[in-house]
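# Reading the structure
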Amino acid sequence: MEYPKIKIDLEKFRKNCEVIIKECKEKNISVTGIMKSFCAKPEIAQIMVESGISYLGDARIYNLKKVKHLNVEKVLIRIPMKSTARDVVIYSDISLNSELEVIKELDKYARENDKIHKIILMVELGDLREGILEKDIMETVSEVLKLENIKLYGLGVNLTCYGAIIPTTENLGKLVEISEKIEKEFNIKLEMISGGNSSSYHLVENKKIPKRINNLRIGEAIVLGRETAYGKKIEGTYDDVFILKGEIIEVKEKKSVPSGKTGMDSFGNTPFYEELGVIKRAIVAVGKQDTEITGMFPFDEEIYSLGMSSDHLIMNIDKSKVKYKVGSIIKFRLNYEALLKLMTSEYINKEYVDEKLIKIEFCNY
Ligand SMILES: *Cc1c(COP(=O)(O)O)cnc(C)c1O
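Residues numbered from 1 in each chain as written. Predicted model: local features only at pLDDT ≥ 70, side-chain atom pairs only at ≥ 80, totals over all residues. Heavy atoms only, no water.

### Side note on the pairing of strand β6 (residues 117–122)
What counts here: Relative accessibility thresholds used throughout: buried, under 20% of the residue-type maximum; exposed, over 50%; partly exposed, between the two (1.4 Å probe, protein chains only). Strands are runs of DSSP state E lasting at least 2 residues, helices are runs of H or I lasting at least 4, and numbering of each runs from the N terminus. Paired strands, as defined in this entry, are two strands with at least two bridges between them according to DSSP.
With six of its six residues buried, β6 lies for the most part within the structure. What you see with β6 is no split at all: H117, I119 and L121 on one side and K118, I120 and M122 on the other are buried throughout. Bridge analysis of strand β5 (residues 94–97) against β6 gives four bridges, and the strand direction is parallel. Each residue of the ladder has a partner; that of N97, found in β6, is L121. As judged from the six bridges shared by β6 and strand β7 (residues 150–156), these two strands associate in the parallel manner.

### Remarks on the site of the ligand
The following threshold applies: It suffices for a single heavy atom of a residue to lie within 4 Å of a molecule or strand for the residue to be listed as near it. Under the rule applied, a polar contact is a pair of N or O atoms within 3.5 Å (in protein, one hydrogen donor and one hydrogen acceptor; residues adjacent in sequence only if both atoms are side-chain atoms). Accessible surface is estimated by sampling points in the Shrake-Rupley manner with a 1.4 Å probe; for residues, cover comes only from the protein chains shown. Of the two site types, the cavity is a set of points on a 1 Å grid over the protein atoms alone where a 1.4 Å probe fits but cannot get out, and the pocket is an open set with protein on both sides within 12 Å along at least five of seven lines, each lined by residues with an atom within 4 Å of a point. Pocket or cavity membership: a molecule qualifies when more than half of its atoms sit within 2 Å of the grid points of that site. Amino acids outside the nonpolar list (Ala, Val, Leu, Ile, Met, Phe, Trp, Tyr, Cys, Pro) and the charged list (Asp, Glu, Lys, Arg) are all regarded as polar, and Gly is one of them.
As a matter of local geometry, the ligand sits amid 13 residues, with K36, S198, G219, E220 and Y336 nearest to it. At 2.5 Å from an oxygen atom of the ligand is found a side-chain nitrogen or oxygen belonging to S198. Measuring from a nitrogen atom of the ligand, one finds a side-chain N or O atom of R217 at 2.9 Å. Taken by itself the ligand offers 390 Å² of open surface, and the protein chains cover 94% of this. Most atoms of the ligand, that is more than half of them, are within 2 Å of grid points of the largest pocket. Among the residues making up the shell around the ligand, the classes are represented as four nonpolar, four polar and five charged.

### Here we look at the packing of helix α5 (residues 100–112) against helix α6 (residues 137–144)
Put simply, the rule is: Note on geometry: axes are lines fitted to C-alpha atoms, helical ones only across the stretch in contact, with angles between N-to-C directions running from 0 to 180 degrees. By definition in this entry, angles of less than 35 degrees are roughly parallel, angles greater than 145 are roughly antiparallel, angles of 65 to 115 are roughly perpendicular, and the rest are oblique. Here a crossing is called left-handed whenever its near helix is offset anticlockwise from the far helix by less than a right angle, and right-handed whenever the offset is clockwise. Should any heavy atoms of two residues lie within 4.5 Å, those residues are counted as being in contact.
Put simply, α5 and α6 touch, their axes get as near as 11 Å, and they point 15 degrees apart. For the element pair α5 / α6, the angle class is roughly parallel. Read as a crossing pair, α5 and α6 show a hand that is right-handed. In this structure, α5 contributes L100, I103 and K104 to the contact, and α6 contributes T140, E143 and V144. Here the residues of the contact of α5 with α6 sort into three nonpolar, one polar and two charged.

### Structural notes on unusual backbone geometry
Note the cis peptide between Y3 and P4, where omega equals -5 degrees. Checked against the element boundaries, P4 lands in the segment before β1 (5–9). Phi at C39 is positive, roughly 50 degrees, even though this residue is not glycine. Of note, C39 is situated in the loop between β2 (30–34) and α2 (42–50). Phi angles above zero are rare outside glycine, and A164 is one such case at about 55 degrees. Looking at where A164 falls in the secondary structure, it is placed in the loop between β7 and α7 (169–186). Classification of A164 as exposed rests on a relative accessible area of 55%.

### Details of the side chain of S328
Tracing the sequence through the fold places S328 in the loop between β14 (313–316) and β15 (329–334). Overall, S328 belongs to the buried group, its relative accessible area being 15%. Apart from the residues within four sequence positions on either side, S328 is in contact with G246, E247, I248 and K323.

### Focus on empty space enclosed by the protein
The condition that has to hold: Grid points are joined across faces, edges and corners, and a volume is the space filled by probe spheres set on the points.
Enumeration according to the criterion identifies one cavity of 30 Å³ or more in this entry. The space that makes up the largest cavity amounts to roughly 30 Å³. Lining of the largest cavity is provided by T32, V75, I94, L96, I120, M192, S194, N215 and R217. If you list the elements that add at least two residues to the lining of the largest cavity, you get β5, β8 (192–194) and β9 (215–218).

Put into structure tokens, the structure is as follows:
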């Protein structure tokens, strides 16, 4: 029961961590290693720590709990739910925030637990996901500074997530400008100015990142070896740390266009089928319950995916030089979305490989 499985090359992952941490360090930027794409598996997070990551971050407290034993500060990167304020204070050292009401709740539980909880205030700079509007920042800061068990640790921004706004010297410059205005007005020092995610990495490579930006929260660049403003590969990194291996369960020559009266597919869509006559097709045992078809790229470039249902991936293998048969394995590179889902799926075995095989995490079937 080995397939489908995701093979995780920990040595390649280590190399990716090292390249990105070094490049950021040269510009005095600390890296928060974002774990969501690999569900904060401790085996992988540990390599981030060994490579010199400064913080570990995740959107979910559930994941931060898994890496409790690793000795770096933990950052909750999705602004917290008010109902979870108690756990936020217990399982994270720093959280990103934009709602005063929630910050007050964090203050209450920090006091109860005899802790000082650090917060990063998120600023809205165009992408329209989380963040305080510029006009409201001074007022919010003034309120936050009244809270005894909250430390205003810095400011942050998130771009290229909802609005597809690319980080530039200008918008990150704005974040610095606001930070310095706060420092002057309230006579405080902001320790962290967090300039975004993997989409800000191109500014580090091109030496265009404003000087006072001293932190980035990076997931995809480490995991897939590419920056995400333009999708460029990062030199010296690997794009195949994580690969999916699926097993072929049927190989047959069939027509490319279905026969009969056309309705909707199993997910309510009306798909398009290209007329190619009779083609050699394979079915791979993996499906929508595990992953996302648009994010899977076969190593064999002469084959491609035709469609996917809950548990079946249908591929055109007609032009391949490889003689695929039942039981053959097809390997795929992955994008972030496909990876996120595969790592989350309990139907996918996870195989951790060092120089040698170190561990297989089997699902429970
Ligand atoms: C997911 C996320 C990140 C990391 O994004 P990548 O594109 O994986 O680098 C950083 N910050 C926040 C707030 C996030 O939600």
